[in-house]
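Structural features, examined
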Amino acid sequence: MALLDILSYPDKFLTKKAKPVTNIDGAIQKTIDDMIETMYNAPGIGLASIQIGCDKSIIVYDLSYGENEGSLQVFLNPKIIETCGETVSENEGCLSVPDFRSDVKRSASVIIEALDREGKPLKIEAKEYHAIVLQHEIDHLNGILFINRVSALKRELYKRHIKKQIKQDDK
Ligand SMILES: [Zn+2]
């Protein structure tokens with residue numbers, strides 16, 4: 001297994017849409033394993049393929065940060081097929097958007113369809129925090145960062161902060 005670099009805003013790749021995985025081969029299994037290791041190492045609660053520069057539709061997440069065996073999830077080609085209600089995720093953050101946290105409006109529950117890493121189709125209903133994580137990671141596969149879901153003012157302030165930082169790094 002290998003640790004992968006996590007792309008961060010404003011990397012253009014983060015706005016790319018992932019393509020469906022059609023052939024679950026050894027290369028895909030290796031990417032999945034590397035994503036898992038990279039997520040735990042960060043540490044993060046979830047990671048989407050787009051964040052590590054791969055445009056195949058894969059997400060991995062573990063709501064327990066690796067504390068509970070069996071809570072690791074790997075989904076290929078996940079799609080939200082139904083949403084219900086509204087909630088606000090408090091202090092949402094993202095490995096690709098450093099130094100920024102914000103409340104984000106999200107659906108309260110979602111039903112998703114995906115394949116597991118063996119290619120078996122599955123359908124799950126997720127609520128509350130689980131639903132928020134799934135919406136966040138599936139957004140990545142559609143080229144959407146959570147800063148696209150906060151107010152224009154907040155986003156603008158963050159963009160300025162990043163621009164300043166990039167200038168400082170150039171010096
Ligand atoms: Zn993220």
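Conventions used here
Residues numbered from 1 in each chain as written. Predicted model: local features only at pLDDT ≥ 70, side-chain atom pairs only at ≥ 80, totals over all residues. Pairing = 2+ DSSP bridges. Helix = DSSP H or I, 4+ residues; strand = E, 2+ residues; numbered from the N terminus. Axes fitted to C-alpha atoms, helices over the stretch in contact; angles between N-to-C directions. Contact = placed C-beta atoms within 7 Å. Expected span 1.5 Å × (residues − 1). Buried ≥ 20, exposed ≤ 12 C-beta atoms within 10 Å, placed from the backbone. Arc of directions from axis to C-beta.

1. Observations regarding the sheet that holds strand β1 (residues 46–48)
The strand order β1-β2-β3-β6-β7 describes an open sheet built from five strands, whose pairing is antiparallel. Of all the strands in the sheet, the pair left with one neighbour each is β1 and β7 (121–127). Here the strands of the sheet are splayed against their neighbours by 40 degrees on average, with no regard to which way each runs. The strands touched by helix α1 (residues 26–41) are β1, β2 (58–62) and β3 (72–84); relative to β2, the strand with the most contacts, the crossing angle is about 40 degrees.

2. Regarding α1
Helix length check: α1, at 16 residues, gives a terminal C-alpha distance of 22 Å against a target of 22 Å (1.5 Å per residue), a fit within 8%. Inspection of α1 places I32, M35, T38 and M39 among the buried residues, and these make up the whole buried set. Along the axis of α1, the buried residues cluster in a sector spanning 130 degrees; they form a single face. For α1, the exposed residues set more than 90 degrees away from the buried face come down to G26, K30 and N41. Tucked inside the fold, the buried residues of α1 contact β1, β2 and β3.

3. Some remarks on helix α2 (residues 128–141)
The terminal C-alpha atoms of α2, which comprises 14 residues, lie 20 Å apart, in line with the 20 Å expected from a rise of 1.5 Å per residue. Of all the 14 residues making up α2, eleven are buried; the element is thus mostly covered by neighbouring parts of the structure. A131, I132, V133, L134, Q135, H136, E137, I138, D139, H140 and L141 are the residues of α2 that are buried. A positive backbone phi angle near 75 degrees is found at G143, which sits one or two residues after α2.

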